[in-house]
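# Coordinate inspection notes
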Amino acid sequence: MSSTVPATSSYWKRNQQRLAPWLFLAPGMIMFSIYVIIPIFESIWISFYDWDGMGAKTWIGMANYAELLDDEAFYTSLKNNILWLVLYLLAVPAGLAVALFLNQTVTGIRLYKSLFFFPFVISQVVVGLIFTWFYAPDFGLLSALIKAVSGENIAILADERYVTLGIIAAGLWPQIAYCMILYLTGLNNINPEQVEAARMDGAKGWSLLWNIVLPQLGPATFIAIVVTVIGALRSFDLVSIMTDGGPYGSSRVLSFYMYEQALSEYGYRMGYGAAIAVVLFMIMMVFITLFIVRMLMQERNA
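Here we summarise the structure given alongside this text.

Together, Ile30, Met31, Phe32, Ile34, Tyr35, Val36, Ile37, Ile38 and Phe41 line one region of the surface with nonpolar side chains, adding up to about 890 Å² of accessible area. One can find Ile30 in helix H1 (residues 4-46).

Okay, structure coming up:
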């Protein structure tokens, strides 16, 4: 015993700087593995089974994925997710524009910041309810404005042509606020000496923004794009609150369709829901990998 303790102590002293970071990271890595990594592989494994979540599993191989290829509801959900992705990315330039506006020293700027920050702190459920009332054909403000201008009373959340656009607009409200916060943080960390030097060289307006400000906002832009893409692809709560996938399933997205098939009273098909989840995960990984590779290439070139 007397020889073991000094040996252990000397090993710790020799490798303390190398081992200490891993000891601090260990709790987070364990939790991440239990709640993220392991469930990912379990979902992939379950997607090869026919399973109701309670009884015995039946191995069916790629049958769930083959069924997806002929599932019209799956293609509707995928199309809506693509539309979410394209339009949701508008939150990034909109958040930048709001941040540039708020990054000024004018009277009442704190009040303006609070108003723009408000959508970020409220729940998505509350956002969904607010916009449901906003779109309501009988008392909603937007419906009243449309009727005053066009003479038509349009029920946005009950019209297959507009329902997805209406939900995306609701999601953009808090997402723009989130991107604004990221950019405000980035603007506070900009090197003022570079800005002053550029102004002395005659740079101003768009030239100053494009060549001096935006390159220094690269990390904030990267985070904003990644978070926005993930938010667009996993858009579940607003769809559930505002339309429950209707009308006639026209506002479904992949995450909501996965829930319907796996956990709702219409499904209890865990294997099929897992297959949808795997497809959604692969789409996310493609975009996130592209962003990470591009960021690494930019850092190497810099």
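What follows picks up the thread again.
On to the packing of helix H13 (residues 254-262) against helix H14 (residues 270-301), then. Interhelical geometry of H13 versus H14 gives an angle of 165 degrees and a closest axis separation of 7 Å. Of the possible angle classes, the one that applies to H13 and H14 is roughly antiparallel. As H13 packs across H14, the resulting crossing turns out to be left-handed. Residues Leu254, Ser255, Tyr257, Met258, Gln261 and Ala262 of H13 form the contact with H14, whose participating residues are Met270, Tyr272, Gly273, Ile276, Ala277, Leu280 and Ile283. The residue inventory of the contact of H13 with H14, partitioned by class, reads ten nonpolar, three polar and no charged.

This part takes up the environment of Gln194. Along the polypeptide, Gln194 turns up in helix H9 (residues 192-200). Residue classification places Gln194 among the partly exposed residues on the basis of a relative accessible area of 40%. Considering only alpha carbons, one finds Gln194 and Ile212, 18 residues apart in sequence, at a separation of 7.3 Å. Setting aside residues no more than four positions away along its own chain, Gln194 makes contact with Ile212 and Gln216.

Okay, the layout of surface pockets next. In this structure, the largest pocket encloses a volume near 710 Å³. Together, 18 residues line the largest pocket, and Leu214, Gly218, Thr221, Phe222 and Gln298 are the ones closest to its centre. Going through the elements one at a time, helix H4 (91-102), helix H10 (205-216), helix H11 (218-233) and H14 are the ones with two or more residues in the lining of the largest pocket. When the residues that make up the lining of the largest pocket are grouped by side-chain class, the tally is 13 nonpolar, three polar and two charged.

With that settled, consider unusual backbone geometry. Looking along the chain, the bond that leaves Gly246 and enters Pro247 is cis, with omega of -5 degrees. Relative to the helices and strands, Pro247 is located in the loop between helix H12 (237-242) and H13. Although it is not a glycine, Asp244 sits at a positive phi angle of roughly 55 degrees. Inspection of the secondary structure puts Asp244 in the loop between H12 and H13. A residue is classified by how much of its surface remains accessible, and Asp244, at 46% relative accessible area, is partly exposed. Its identity is not glycine, yet Tyr248 carries a phi of approximately 55 degrees, on the positive side. You can call Tyr248 exposed: its relative accessible area is 78%.

Another aspect to go through is the nonpolar core. In this structure, Leu68, Trp84, Ile167, Tyr183, Leu217, Leu238 and Met242 are the most contacted members of the largest nonpolar core, which totals 60 residues. Counting residues per element, this core draws most heavily on helix H8 (residues 163-188), at eleven residues. Among residues more than four places away in sequence, those in contact with Leu217 are Leu96, Tyr183, Gly186, Leu187 and Ile190.

We now examine the environment of Gly267. If you trace the backbone, Gly267 turns up in the loop between H13 and H14. For the pair Gly267 and Ala73, spaced 194 residues apart in the sequence, the C-alpha separation amounts to 13 Å. Apart from the residues within four sequence positions on either side, Gly267 is in contact with Glu260 and Gln261.

What follows concerns the pattern of salt bridges. Inspection of every chain in the model, using the stated rule, returns three salt bridges. When the shortest N-O distance is used, the salt bridge between Arg269 and Glu67 registers 2.8 Å. In this pair, Arg269 is assigned in the loop between H13 and H14 and Glu67 in helix H2 (residues 63-69), connecting sequence segments 202 residues apart. A relative accessible area of 28% means that Arg269 is categorised as partly exposed.

Now for H14. Spanning 32 residues, H14 covers 46 Å between terminal C-alpha atoms, matching the ideal 46 Å at 1.5 Å per step. Among all positions of H14, only Gly271, Tyr272, Gly273, Ala274, Ala275, Ile276, Val278, Leu280, Met284 and Ile288 are buried.

With that out of the way, let us pick up the packing of aromatic side chains. Aromatic ring pairs are defined here through the distance separating the ring centres and the angle between the ring planes. One pass over the full model with this rule turns up 18 aromatic pairs. Ring centres of Phe74 and Tyr75 lie 5.6 Å apart, and the angle between their planes is 70 degrees; this geometry places the pair in the edge-to-face category. The class of Tyr75 is partly exposed, set by a relative accessible area of 39%. Arranged with centres 5.8 Å apart and planes meeting at 65 degrees, the rings of Phe131 and Trp173 form a pair that is edge-to-face. Placement of the pair is Phe131 in helix H6 (residues 124-135) and Trp173 in helix H8, with a sequence separation of 42 residues.

Position of Ser255 among the secondary structure elements: in helix H13. Reaching out from Ser255, the side chain makes a polar contact with the backbone oxygen of Ser235 at a distance of 3.3 Å. When neighbours within four sequence positions are excluded, Ser255 is seen to be in contact with Leu233, Arg234, Ser235, Phe236 and Leu280.

Conventions adopted
- Residues numbered from 1 in each chain as written.
- Predicted model: local features only at pLDDT ≥ 70, side-chain atom pairs only at ≥ 80, totals over all residues.
- Heavy atoms only, no water.
- Patch = residues over 30% accessible without salt bridge, like charges linked within 9 Å, V, L, I, M, F, W, Y side chains within 5 Å.
- Areas by Shrake-Rupley, 256 points an atom, 1.4 Å probe, with all protein chains shown as cover.
- Salt bridge = Lys/Arg side-chain N within 4 Å of Asp/Glu carboxyl O.
- Helix = DSSP H or I, 4+ residues; strand = E, 2+ residues; numbered from the N terminus.
- Axes fitted to C-alpha atoms, helices over the stretch in contact; angles between N-to-C directions.
- Parallel < 35°, antiparallel > 145°, perpendicular 65-115°, else oblique.
- Left-handed = near helix turned anticlockwise from the far one by under 90°.
- Contact = heavy atoms within 4.5 Å.
- Nonpolar A, V, L, I, M, F, W, Y, C, P; charged D, E, K, R; others polar.
- Buried < 20%, exposed > 50% of the residue type's maximum accessible area, 1.4 Å probe, protein only.
- 1 Å grid on protein atoms, 1.4 Å probe; cavity = no way out; pocket = protein on both sides within 12 Å on 5 of 7 lines; lining within 4 Å.
- Points joined across faces, edges and corners; volume = space filled by probe spheres on them.
- Core = buried A, V, L, I, M, F, W, Y, C linked by side-chain atoms within 4.5 Å.
- Expected span 1.5 Å × (residues − 1).
- Phe/Tyr/Trp six-rings, centres within 6.5 Å; stacked < 30°, edge-to-face > 60°.
- Polar contact = N/O pair within 3.5 Å; in protein donor to acceptor, adjacent residues only side chain to side chain.

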